[in-house]
Amino acid sequence: MRIGIFGEGSDPQCAAVAREAAALGADTLYIDSRALDEGKPLSMLDGKTSYQGESVDDVKGFYVRSVPSPSVPAMKKDESLVLYEDWFTTFTQTRERAAYFLAWLLQLSHRGATLVNGPHAASVMQHKPYQLHALRSLGAKVPRTLISNDPAAIRAFHAEVKDVIYKPVMGGAVTRALDAEALERLDAVTASPVIFQERIPGDDLRVTLVGDEIVSCVAIVTPEQHLDFRDDPVYSSGEAMYREVVLPEPVQRFCRASARACGLTLAGIDLKQRARDFVFLELNSSPIYMDVELKAGHRISRAIARRVVEGARA
Ligand code: ADP
Ligand code: MG
Ligand code: MG
C-alpha cells in the first residue's frame, strides 16, 4: 500500500510526512510538483495516469504540499523586476502546466481519492476576501475590513477606524500600517484593490488543524512587538519561540467550521488574541509547520500521514 506526496522531494515537510506514513506501513510515491518544469513524463492515456512510465492510479491518498500556479516570467535587472524577452511563451507554458496538474488533482478527487488538501481549497478558497466572508457568516470574530480600490472609501474607513493596516488580496507581501505616508499614495489602489483592516492588538496565534483535530495551537513569541511578526529578525532567523495556548471551546468550533467552509482538511489558521478575545485573520492551505513541530513537539506530520494513509486504505 502506498500514499502519494505531491511536492518537492527536498521539502522537509514532505520528508516528515513520508517518514510517518512508513511508520504506519505505507510506502510513498513522490510526484515532484516541478516534474513538468523539468520535463519528467506525466501522461494520461484514456484517463489512466502514468508518471515516469509507472502507473500511479493505485494511489488513493495524497499529501498535496503545493498546487502549481502560473509564474510571472520576470528577472532582476538593476534592482527592479523586468519581464523576460520571451515572457509570453514562458507564461503560457507555466499556465498550461498548472492547468494540467490542477485537472489531474480534480480527477483524483472526483474518483474519491483523499487529497490533503484538494485543489479548490489550495487555490481559490485561499483568497482572504472569501475566507473573511466564511468566518463572518459563521459568527467568528474578524477585524473590521474594507476591500477597495476607491481612495475616497479608504479615507472614510481610515477616518472612522483610525488604526488601520493594509495587505494584499492574494498575498505575497507583509502587512503594513496605513500611516501618513501610505495615505499620500492612496491613488495607487486604483490599479488593484487592497485589504484595509482595523488593527487588532495582541498575540499572534497559529492553529494547525487536521480533519477535526486541533493538532497544535501556539502563540508566536518574539522579543519585540511588530505589526507583522515576520518583520522580526528573531523570527526570520528561525529563532522564534512558541507558547502553548488552549483555545476556548467556541473558538475551536470556529476553527473547525471555517476550515470546512474553506474546503480544508489541513489548515494553518492565524488569529490575534488578547485576553478572552480571539479575532480570526486567515486560513492557510499549506501551512509551514516544521519549526512548531520540532520546538513544541506537536506531531503535525503524523496527523497528516494518518489522514492520508486512512484515505489510501479506504
Ligand atoms: P499572510 O500571513 O497570508 O500574509 P495575515 O492576514 O496572516 O496574512 O497577516 C500577516 C500578519 O500580519 C498576521 O499574522 C499579523 O501578525 C499581522 N496582521 C494582519 N492583519 C492584521 C490586523 N488586522 N491586525 C493586526 N495585525 C494584523
Ligand atoms: Mg498569515
Ligand atoms: Mg497566509
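So, a few notes on the structure that sits alongside this text. Every value quoted in this text rests on a predicted model; they were computed, and no experiment measured them.

Turning to the nonpolar core, a few remarks are in order. Membership of the largest hydrophobic core comes to 28 residues, with the highest contact counts inside it found for Ile3, Ile5, Val17, Tyr63, Tyr289 and Ile304. Those elements that provide at least two residues to this core are strand E1 (2-7), helix H1 (12-23), strand E15 (213-221), helix H9 (290-296) and helix H10 (300-313). Contacts of Ile3, omitting those with residues within four sequence positions, involve Ala21, Ala26, Asp27, Thr28, Leu29, Val59, Gly61, Val308, Val309 and Ala312. One finds Val142, Cys217, Leu264 and Ala267 within the second-largest nonpolar core, a separate group that totals 24 residues.

Overall, parallel pairing links the 4 strands, which are arranged E2-E1-E6-E9 in an open sheet. Two strands in the sheet have a free side with no partner beyond their single neighbour: strand E2 (27-32) and strand E9 (114-116). Averaged over neighbouring strand pairs, the angle between their axes works out to 20 degrees when direction is ignored. With 3 bridges connecting them, strand E6 (residues 61-64) and E9 associate as parallel partners. Note on E9: the bridge partner recorded for Phe62 is Leu115.

Turning our eyes to something else, we now look at the coordination of the magnesium ion (ligand 2). Donor atoms from the polypeptide that bind the magnesium ion (ligand 2) are Asp270 (OD) and Glu282 (OE), placed at 2.0 Å. The metal-metal distance between the magnesium ion (ligand 2) and the magnesium ion (ligand 3) is 3.7 Å, with Glu282 coordinating both. Of this pair, Asp270 sits in strand E17 (residues 266-274) while Glu282 sits in strand E18 (residues 277-284); the two residues are 12 residues apart in sequence, bridging distant segments of the chain. Both residues of the pair, Asp270 and Glu282, belong to the buried class.

Calculation notes
Residues numbered from 1 in each chain as written. Chains lettered and ligands numbered in written order. Predicted model: local features only at pLDDT ≥ 70, side-chain atom pairs only at ≥ 80, totals over all residues. Heavy atoms only, no water. Core = buried A, V, L, I, M, F, W, Y, C linked by side-chain atoms within 4.5 Å. Buried < 20%, exposed > 50% of the residue type's maximum accessible area, 1.4 Å probe, protein only. Helix = DSSP H or I, 4+ residues; strand = E, 2+ residues; numbered from the N terminus. Contact = heavy atoms within 4.5 Å. Pairing = 2+ DSSP bridges. Axes fitted to C-alpha atoms, helices over the stretch in contact; angles between N-to-C directions. Donors = N, O, S within 2.8 Å, 3.2 Å for Na, K, Ca; no water.

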